[in-house]
Amino acid sequence: QESGWHKWEWVGGLELCSMLLDFYDHTLDDTFLLQTGLPFAREILTFFDQHYPLDTQGKLVMHPSQALETWWHCTNAMPELAGCIAVTERLLALPDRLAPSQDRALWDRLRNKLPPLPLRTVDGRVALAPAEFFDKKSNIENPELYAVFPFRLVAFNRPNAEWGLEALRHRWDRGNSGWRQDDIFMAYLGLGEDARQYVVGRAKNHDRNERFP
């Protein structure tokens, strides 16, 4: 692919895996999971299992990669890494009757190869980072917060919520217009009043280019 905006971005399949698992959680439709959810997840996770090399500790080195459209030169970008961790953990939590042995072997193998979530230190405190290494900022997303949403690894009711709060406090871009997701990040991090203000502000936006008729 020639375009730099998505050249090394592979998070979309993981987002859809997560949505399919959400659908299963709400419906408990075993047939859907076995015939649609798991076969789709198998193809997406096989890509990550086979695409990247390993370091001397046996961990994936996701390079070249990029963090959404924002950071173009990355190693171990947060969106893909958080997505792989979240999807494999959710799949491994399924009961044995819903986990074919070959699929479970793939989930185990990939999960064991994944490095930890990337972190950075800001003002002496730990925060989620866009990637282990990141450079060439080109857009206004906050990919470090993909560990909060859509992948829900960091939230007010989960460990290390402070990592997400610090990332939110020190995010490079902020606002409630366009494709920004600050409102959702705030809700998952337990900032109810901030989320309310952002949602109301978004609804009051008079830019006709950003509202449905």
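In this report, the structure presented in the accompanying data block is examined. Note that the structure is predicted; figures quoted are calculated from it, not measured.

Turning our eyes to something else, we now look at the nonpolar core. Leu91 and Leu117 are the most contacted members of the largest nonpolar core, which has 48 residues in total. Breaking this core down by element, the ones donating at least two residues are helix 1 (11-27), helix 2 (30-51), helix 3 (78-92), helix 4 (101-113), strand 4 (125-128), helix 5 (161-169) and helix 6 (182-188). With 8 residues, helix 3 is the largest single contributor of residues to this core. Setting aside residues no more than four positions away along its own chain, Leu91 makes contact with Leu21, Leu38, Ala41, Leu45, Arg104 and Trp107. One finds Ala67, Cys74, Ala77 and Ala131 within the second-largest nonpolar core, a separate group that totals 5 residues.

A separate point is the pattern of salt bridges. Taken as a whole and assessed by the stated rule, the structure comprises 17 salt bridges. In this structure, the salt-bridge partner of Arg90 is Asp22, at a minimum N-O distance of 2.8 Å. Of this pair, Arg90 sits in helix 3 while Asp22 sits in helix 1, and the two are 68 residues apart along the sequence. Assessed through its relative accessible area of 22%, Arg90 is described here as partly exposed. Note that Asp30 is salt-bridged to Arg97, the shortest N-O span being 2.8 Å. Here the residue Asp30 occupies a position in helix 2, and Arg97 occupies one in the loop between helix 3 and helix 4, the gap between them amounting to 67 residues. Judged by its relative accessible area of 59%, Arg97 is exposed. It is possible to trace a salt-bridge network through shared partners that takes in Asp22, Asp25, Arg90 and Arg152.

Another point: the packing of helix 1 against helix 2. For the pair helix 1 and helix 2, the least separation of the axes is 10 Å and the interaxial angle reads 160°. Between helix 1 and helix 2, the angle is such that the two are roughly antiparallel. The chirality of how helix 1 crosses helix 2 is left-handed. Every residue of helix 2 that contacts helix 1 at Gly13, Leu14, Leu16, Cys17, Leu20, Leu21, Phe23 and Tyr24 is listed here: Asp30, Phe32, Leu33, Gly37, Phe40, Ala41, Ile44, Leu45 and Phe48. Grouping the constituent residues of the contact of helix 1 with helix 2 by class yields 14 nonpolar, 2 polar and 1 charged.

Burial analysis of strand 2 (residues 71-77) places 6 of its 7 residues in the buried class, which makes it a mostly covered element. Pairing between strand 1 (residues 65-67) and strand 2: 2 bridges, direction antiparallel. Looking at strand 2, one finds that Ser65 is bridged to Cys74. From the end of strand 1 to the start of strand 2, which pair antiparallel, there are 3 residues, and Leu68 there has a positive phi angle of about 55°. Bridge count for strand 2 against strand 5 (residues 131-137) is 5 bridges, and the pairing is antiparallel. Paired with Cys74 across the strands is Phe134, a residue of strand 5.

The next thing to look at is the environment of Asp183. Among the structural elements, Asp183 can be located in helix 6. Measuring from C-alpha to C-alpha, the distance between Asp183 and Tyr198 comes to 5.6 Å, with 15 residues separating the pair along the chain. With near-sequence residues (within four places) excluded, Asp183 lies in contact with Asn176, Ala195, Tyr198, Val199 and Arg202.

So, on to the sheet that holds strand 5. Sheet strands pair by backbone hydrogen bonding; their relative direction is either parallel or antiparallel. Strand order in this open sheet of 3 strands is 1-2-5, and the pairing throughout is antiparallel. Sheet topology places strand 1 and strand 5 at the edges, where each strand pairs with a single neighbour. Neighbour-to-neighbour, the strand axes of this sheet turn through a mean angle of 40°, independent of strand direction. Set on the sheet, helix 3 makes contact with strand 1, strand 2 and strand 5; between it and strand 2 the angle comes to about 30°.

Criteria and thresholds
- Residues numbered from 1 in each chain as written.
- Predicted model: local features only at pLDDT ≥ 70, side-chain atom pairs only at ≥ 80, totals over all residues.
- Heavy atoms only, no water.
- Core = buried A, V, L, I, M, F, W, Y, C linked by side-chain atoms within 4.5 Å.
- Buried < 20%, exposed > 50% of the residue type's maximum accessible area, 1.4 Å probe, protein only.
- Helix = DSSP H or I, 4+ residues; strand = E, 2+ residues; numbered from the N terminus.
- Contact = heavy atoms within 4.5 Å.
- Salt bridge = Lys/Arg side-chain N within 4 Å of Asp/Glu carboxyl O.
- Axes fitted to C-alpha atoms, helices over the stretch in contact; angles between N-to-C directions.
- Parallel < 35°, antiparallel > 145°, perpendicular 65-115°, else oblique.
- Left-handed = near helix turned anticlockwise from the far one by under 90°.
- Nonpolar A, V, L, I, M, F, W, Y, C, P; charged D, E, K, R; others polar.
- Pairing = 2+ DSSP bridges.

That's the geometry; what it means functionally is another story.
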